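If you want the building blocks of each chain, they are given just below.
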Amino acid sequence: MLEIFIKTFFLYFIVIDPLGNTPIFLAVTQNMSSQQRIKTALSATIIASIILLFFAFLGSTLLSYLNISFPAFTIGGGIILLIISMEMLFDKRQQRKEDDIDFNSENVSVFPLATPIIAGPAAITSVIVSVSDMGSNFTNQSVGMIALASVLILTFIFFFTASKFSQIINKKVISVISRVIAIILVGLSVQYILDGIKTFLA
């Protein structure tokens, strides 16, 4: 169970990217007070949790309804993660996220923070693939949900800390960490693709 938790936690941590999203959170809430930022962070995290849990529980059903096979979705998810890892490696993902931000949004906790910043396409894809990969094993599913909840709680902690101590956020340090994580993400994404091909050919 510990192995499943670590693997799932690391995957969710990479695709949700609380570390890289923290500067974006500060940019979106730059005109808010510390208390308003904390309230926004909590609201965004809760909404993102609801979105991801929805796809965790109904994602497989949705795929079946749309007649999308699990191997096809796994390979597609791997390709998306591979693209993200390339963006992270060459420091393009952060810039793209910042370019997509709507600073004039009336409710930034819903858009762009909850979605697509926290619960973005990569996170949704990873949740569906991860839950489907665990099958009907209740214990494994529970461990996966705990890992997801842990990353979301960690995301709120990052945002909360940033709200209190915005001066400590260093974009250069985050950039270096993101590139190290990107190298690991390349391996995970390729493994997704290989697993999808293996399942398809089996």
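Residues numbered from 1 in each chain as written. Predicted model: local features only at pLDDT ≥ 70, side-chain atom pairs only at ≥ 80, totals over all residues. Heavy atoms only, no water.

1. Concerning the overall build of the protein
In terms of regular secondary structure, the protein is built from nine helices and zero strands. N-terminal to C-terminal, the α/β element order of the protein is α-α-α-α-α-α-α-α-α. Classification of the 202 residues of the protein by burial places 45% in the buried group. Taking the intrachain contacts of the protein between residues at least 6 apart in sequence as the baseline, contacts between residues at least 24 apart amount to 88%. Taken as a whole, the protein presents about 10700 Å² of accessible surface, with 68% of it coming from carbon and sulfur. (Helix = DSSP H or I, 4+ residues; strand = E, 2+ residues; numbered from the N terminus. Buried < 20%, exposed > 50% of the residue type's maximum accessible area, 1.4 Å probe, protein only. Contact = heavy atoms within 4.5 Å. Areas by Shrake-Rupley, 256 points an atom, 1.4 Å probe, with all protein chains shown as cover.)

2. Structural notes on the environment of Leu185
Its location among the elements puts Leu185 in helix 9 (residues 171-201). Remark: the alpha-carbon pair of Leu185 and Leu82, spanning 103 residues in sequence, is separated by 7.3 Å. Setting aside chain neighbours within four positions, we find Leu185 in contact with Ile14, Leu81, Ile84, Ser85 and Met88.

3. Concerning the packing of aromatic side chains
How two aromatic rings sit relative to each other is set out by the distance from centre to centre and by the angle between their planes. Taken as a whole, this structure holds five aromatic pairs when the rule is applied. Here the aromatic rings of Phe25 and Phe159 are separated by 4.4 Å at their centres, their planes lie at 5°, and the arrangement is stacked. You can see Phe25 sitting in helix 2 (residues 18-28) and its partner Phe159 sitting in helix 8 (residues 138-164), a full 134 residues away along the chain. Here Phe156 and Phe160 contribute two aromatic rings whose centre-to-centre distance is 6.0 Å and whose plane-to-plane angle is 40°, an arrangement assigned as tilted. Here Phe160 and Phe156 lie together in helix 8, a separation of four residues that amounts to about one turn. One aromatic cluster is present, built from ring pairs that chain together Phe5, Phe9 and Phe13. (Phe/Tyr/Trp six-rings, centres within 6.5 Å; stacked < 30°, edge-to-face > 60°.)

4. Observations regarding the packing of helix 3 (residues 34-65) against helix 6 (residues 109-118)
For the pair helix 3 and helix 6, interaxial distance at closest approach is 9 Å and the crossing angle is 50°. Overall, the two elements helix 3 and helix 6 adopt an arrangement that is oblique. Helix 3 and helix 6 meet at a crossing whose hand is right-handed. Across the interface between the two elements, Thr40, Ser43, Ala44, Thr45, Ile47, Ala48 and Ile51 of helix 3 pack against Ser109, Val110, Leu113, Ala114, Thr115 and Ile118 of helix 6. (Axes fitted to C-alpha atoms, helices over the stretch in contact; angles between N-to-C directions. Parallel < 35°, antiparallel > 145°, perpendicular 65-115°, else oblique. Left-handed = near helix turned anticlockwise from the far one by under 90°.)

5. Regarding helix 3
Given a rise of 1.5 Å per residue, 32 residues ought to cover 46 Å, and the 45 Å separating the end C-alpha atoms of helix 3 matches this to within 8%. The largest bend along helix 3 measures about 60° and falls at Leu58. Looking at the residues trailing helix 3, positive phi occurs at Asn67, about 60°. (Expected span 1.5 Å × (residues − 1). Bend = angle between axes of the 7 residues up to and from the residue.)

6. Here we look at the confidence of the model for the protein
With 87% of its residues at a pLDDT of 70 or more, the protein shows a mean pLDDT of 84. Confidence, expressed as mean pLDDT per element, reaches its minimum in the protein at helix 5 (residues 93-99) with 62 and its maximum at helix 8 with 95. (pLDDT = per-residue confidence, 0-100.)

7. With respect to the packing of helix 2 against helix 6
Where helix 2 contacts helix 6, the two axes come as close as 11 Å, and the packing angle between them is 160°. Classified by the angle between their axes, helix 2 and helix 6 sit roughly antiparallel to one another. Considering how the two elements wind past one another, helix 2 and helix 6 form a crossing that is right-handed. Touching Asn21, Ile24, Phe25 and Val28 of helix 2 are Pro112, Leu113, Ile117 and Ile118, all from helix 6. Looking at the contact of helix 2 with helix 6, its residues break down into seven nonpolar, one polar and no charged. (Nonpolar A, V, L, I, M, F, W, Y, C, P; charged D, E, K, R; others polar.)

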